[in-house]
Amino acid sequence: MYVRCGVPQGSVLGPTLFTLFTNDLPSSVKSGDTFMYADDTTVFCIGSSQDVACNLLNCALEELFTWCVNNRLTPHPGKCEVMLLSKARLIGPLPAIYIGRSIIEYKATARLLALSILELYHLRFVTLKAFLHILSLFTFLCLNISHICKTFNRLCNLK
């Protein structure tokens, strides 16, 4: 297959090159935190109110969009979704969230890796911070699962 630029889809080299290419993206998003896995990027912001969190998210997405334009990548607003988690009951209409000039749709559920996240208006037993720590642990396990399995198998085979 002839490829004028880039690499063929499904190649072994593709994910590695993409990771190298997007390596500086997290440092370009200063208004929020980024979580990247393969070619998926999650941006999240924590604020003292829904308005503060939404304003921070709009700033972070503007920074992300600027990085994409500068690096000739095109974000796909149709593949983007917004989810708002809060310990307090959400009041009033939710502010619009933009990527470029496109409004991103709010969702009640979302998927991050294999984890389904349900929107909860009252997080009584798990705070948002604890949820993010659990997500970080889950990510660590996913990224290191082959090493963990090999180590476990080696330990089981010791006699």
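The shown structure was predicted, so the numbers you read here are calculated from the model rather than taken from an experiment.

Parameters at a glance
- Residues numbered from 1 in each chain as written.
- Predicted model: local features only at pLDDT ≥ 70, side-chain atom pairs only at ≥ 80, totals over all residues.
- Heavy atoms only, no water.
- Helix = DSSP H or I, 4+ residues; strand = E, 2+ residues; numbered from the N terminus.
- Buried < 20%, exposed > 50% of the residue type's maximum accessible area, 1.4 Å probe, protein only.
- Contact = heavy atoms within 4.5 Å.
- Areas by Shrake-Rupley, 256 points an atom, 1.4 Å probe, with all protein chains shown as cover.
- Pairing = 2+ DSSP bridges.
- Core = buried A, V, L, I, M, F, W, Y, C linked by side-chain atoms within 4.5 Å.
- Salt bridge = Lys/Arg side-chain N within 4 Å of Asp/Glu carboxyl O.
- Phe/Tyr/Trp six-rings, centres within 6.5 Å; stacked < 30°, edge-to-face > 60°.
- Polar contact = N/O pair within 3.5 Å; in protein donor to acceptor, adjacent residues only side chain to side chain.
- Disulfide = S-S within 2.5 Å.
- Expected span 1.5 Å × (residues − 1).

A look at the overall build of the chain
So, step 1. Regarding its fold elements, the chain presents four helices and six strands.
So, step 2. Going residue by residue from the N terminus, the α and β elements of the chain occur as α-α-β-β-α-β-β-β-β-α.
So, step 3. With 159 residues in all, the chain has 21% of them scored as buried.
So, step 4. Nonlocal contacts in the chain, meaning residues at least 24 apart in sequence, comprise 58% of its contacts between residues at least 6 apart.
So, step 5. Just so you have it, the chain exposes about 11,900 Å², and 60% of that area is on carbon and sulfur atoms.

Looking at the pairing of strand β2 (residues 40-44)
So, step 1. Direction of pairing for strand β1 (residues 33-37) relative to β2: antiparallel, over a ladder of five bridges. When the sheet's bridge partners are listed, Tyr 37 is paired in β2 with Asp 40.
So, step 2. In sequence, β1 turns back onto β2 through a hairpin of two residues, with Ala 38 there showing a positive phi of about 55°.

Observations concerning the nonpolar core
So, step 1. Counting residues in hydrophobic clusters, the biggest one holds 17 residues, and the most contacted among them are Val 29, Val 43, Leu 57, Leu 61, Leu 64, Ile 97 and Ile 104.
So, step 2. Broken down by secondary-structure element, the contributors of at least two residues to this core are α3 (50-70) and β3 (97-99).
So, step 3. Per-element accounting of this core gives the leading share, seven residues, to α3.
So, step 4. Discounting residues that sit within four places of it in the chain, Val 29 has contacts with Thr 34, Val 43, Ala 60, Glu 63 and Leu 64.

Section: the pattern of salt bridges
So, step 1. On inspection of all chains with the given rule, the structure shows one salt bridge.
So, step 2. Residue Glu 105 pairs with Lys 107 through a salt bridge whose shortest N-O separation is 3.9 Å.

Examining the packing of aromatic side chains
The geometry of two aromatic rings is summed up by the distance between their centres and the angle between their planes.
So, step 1. According to the stated counting rule, one finds one aromatic pair in the structure shown.
So, step 2. Ring centres 6.3 Å apart and planes at 65° place the aromatic pair Phe 21 and Trp 67 in the edge-to-face group. Here Phe 21, found in helix α1 (residues 13-21), pairs with Trp 67, found in helix α3; they are 46 residues apart in sequence, far enough to count as distant.
So, step 3. The exposure class of Phe 21 is partly exposed, given its relative accessible area of 40%.
So, step 4. Residue classification places Trp 67 among the buried residues on the basis of a relative accessible area of 5%.

With respect to the side chain of Thr 22
So, step 1. In this structure, Thr 22 sits in the loop between α1 and α2 (25-28).
So, step 2. A polar contact of 2.9 Å, which involves the side chain of Thr 22, links it to the backbone oxygen of Phe 18.
So, step 3. Sequence-distant contacts of Thr 22, defined by excluding residues within four places in its chain, comprise Met 36, Trp 67 and Leu 73.

What about the state of the cysteines?
Disulfide: a covalent bond formed between the sulfur atoms of two cysteine residues.
So, step 1. Tallying each qualifying case throughout the model produces zero disulfides.
So, step 2. With no disulfide of its own, Cys 59 lies 8.4 Å from the sulfur of Cys 45, the closest cysteine sulfur.
So, step 3. Judged by relative accessible area, Cys 59 falls into the partly exposed class, the value being 38%.
So, step 4. Its sulfur unpaired, Cys 80 is 9.1 Å from the next cysteine sulfur, which belongs to Cys 68.

Details of the environment of Ile 97
So, step 1. With respect to the secondary-structure elements, Ile 97 resides in strand β3.
So, step 2. Setting aside its immediate chain neighbours within four residues, Ile 97 contacts Cys 54, Leu 57, Asn 58, Leu 61, Val 82, Ser 102, Ile 103, Ile 104 and Tyr 106.

Examining α3
So, step 1. With 21 residues, α3 should reach 30 Å at 1.5 Å per residue; the first-to-last C-alpha distance of 30 Å fits that figure.
So, step 2. All of the buried residues along α3 are Gln 50, Ala 53, Cys 54, Leu 57, Asn 58, Ala 60, Leu 61, Leu 64, Trp 67 and Cys 68.
So, step 3. The inward-facing, buried residues of α3 abut α1, α2, β2, β3 and β4 (102-104).
So, step 4. Where α3 terminates, the next one or two residues include Arg 72, which has phi positive at roughly 60°.

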